[in-house]
Amino acid sequence: QVQLVESGGGLVQPGGSLRLSCAASGSIYSINNMGWYRQAPGKQRDLVAVITSDGGTNYADAVKGRFTISGDSAKNTVYLQMNSLKPEDTAVYYCKIVLFRPPSAYWGQGTQVTVSS
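Rules of the game
Residues numbered from 1 in each chain as written. Predicted model: local features only at pLDDT ≥ 70, side-chain atom pairs only at ≥ 80, totals over all residues. Heavy atoms only, no water. 1 Å grid on protein atoms, 1.4 Å probe; cavity = no way out; pocket = protein on both sides within 12 Å on 5 of 7 lines; lining within 4 Å. Points joined across faces, edges and corners; volume = space filled by probe spheres on them. Helix = DSSP H or I, 4+ residues; strand = E, 2+ residues; numbered from the N terminus. Nonpolar A, V, L, I, M, F, W, Y, C, P; charged D, E, K, R; others polar. Pairing = 2+ DSSP bridges. Axes fitted to C-alpha atoms, helices over the stretch in contact; angles between N-to-C directions. Buried < 20%, exposed > 50% of the residue type's maximum accessible area, 1.4 Å probe, protein only. Lys, Arg positive; Asp, Glu negative; His and termini not counted. Salt bridge = Lys/Arg side-chain N within 4 Å of Asp/Glu carboxyl O. Polar contact = N/O pair within 3.5 Å; in protein donor to acceptor, adjacent residues only side chain to side chain. Contact = heavy atoms within 4.5 Å. Phe/Tyr/Trp six-rings, centres within 6.5 Å; stacked < 30°, edge-to-face > 60°. Lys NZ or Arg CZ within 6 Å of the ring centre and 35° of its normal.

J.: Sorry if this is basic, but what is going on with the layout of surface pockets here?
T.: A probe as big as a water molecule, rolled over the atoms, marks out the empty space that is left. Reported here for the largest pocket is a volume of approximately 220 Å³. As for the largest pocket, its lining consists of 13 residues, and the residues nearest its centre are Ile-31, Met-34, Thr-52, Ser-53 and Ser-73. Elements that contribute at least two residues to the lining of the largest pocket include exactly strand 4 (30-39), strand 5 (46-52), strand 7 (67-72) and strand 8 (77-82). Among the elements that make up the lining of the largest pocket, the one with the highest residue count is strand 4 (3 residues). Per-class residue counts for the lining of the largest pocket are 4 nonpolar, 8 polar and 1 charged.

Right, here's the structure in full:
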């Protein structure tokens, strides 16, 4: 009932920047939080950043100071501004939304981010 459409992934050189977007649509009544996760080949899916309904944010230690998560409530959209990108940031990035009502969570299909020279 909820769909997440991700965009903005691609190839970027080390030190470069990329902006990911995730637009949610469907039966959205009350958002608890939205976040970004990433998964590199052979590794687990890890939290990158999350933004709560009150605007609070949390970041993985590996991206603090480089990534910024933000949201546009009018558009049910979350963004991830990624600066000073490193090769180790290479992964598939997944958007996730958690709803208060009904209690539920949904994942996007992922967007590839590749950081390479």
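J.: Explanation requested: the sheet that holds strand 8 in the structure shown.
T.: Strand pairing in a sheet relies on backbone hydrogen bonds, with the paired strands running either antiparallel or parallel. Read across the sheet, 4 strands follow the order 1-3-8-7 without closing on themselves; strand pairing throughout is antiparallel. Two strands close off the open sheet at either side, each with one partner strand: strand 1 (2-7) and strand 7. Within the sheet, the average angular offset between the axes of one strand and its neighbour, ignoring direction, is 15°. Sheet topology note: the strand 1/strand 3 (residues 18-26) ladder contains 6 bridges and is antiparallel. Following the sheet pairing, Val-5 is matched in strand 3 by Ala-23.

J.: Explain unusual backbone geometry to me, please; I cannot follow it from the model alone.
T.: Backbone geometry follows two general trends: most residues other than glycine have a negative phi, and most peptide bonds adopt the trans configuration. Put simply, Arg-101 and Pro-102 share a cis peptide bond, and its omega is -10°. Along the polypeptide, Pro-102 turns up in the loop between strand 9 (91-101) and strand 10 (104-107). Of note, Asn-76 is a non-glycine position whose phi angle comes to about 50°, a positive value. Looking at where Asn-76 falls in the secondary structure, it is placed in the loop between strand 7 and strand 8.

J.: Where do I start with the side chain of Glu-6 in this structure?
T.: If you trace the backbone, Glu-6 turns up in strand 1. Among buried charged residues, Glu-6 stands out as having no salt bridge; its nearest opposite-charge side chain is Arg-45, 7.9 Å away. Only 2.4 Å separates the side chain of Glu-6 from the backbone nitrogen of Cys-95, close enough to count as a polar contact. At a separation of 3.3 Å, a polar atom in the side chain of Glu-6 contacts the main-chain amide nitrogen of Gln-109. Contact partners of Glu-6, with chain neighbours within four places excluded, come to Ser-21, Cys-22, Trp-36, Tyr-93, Tyr-94, Cys-95, Gly-108, Gln-109, Gly-110 and Thr-111.

J.: Whenever I open this one, the packing of aromatic side chains confuses me. Can you help?
T.: By convention here, two paired aromatic rings are described through the distance between centres and the angle between planes. Using the criterion set out here, one finds 1 aromatic pair in the structure. Over the ring of Tyr-79 we find Arg-19; its NZ or CZ atom is 4.2 Å from the centre of that ring.

J.: What should I look at first to understand the environment of Phe-67 in this one?
T.: Within the secondary structure layout, Phe-67 lies in strand 7. Judged by relative accessible area, which is 2%, Phe-67 ranks as buried. When residues no more than four places from it in sequence are discounted, the contact partners of Phe-67 are Arg-38, Val-48, Tyr-59, Leu-80, Gln-81, Met-82, Asn-83, Leu-85, Asp-89 and Tyr-93.

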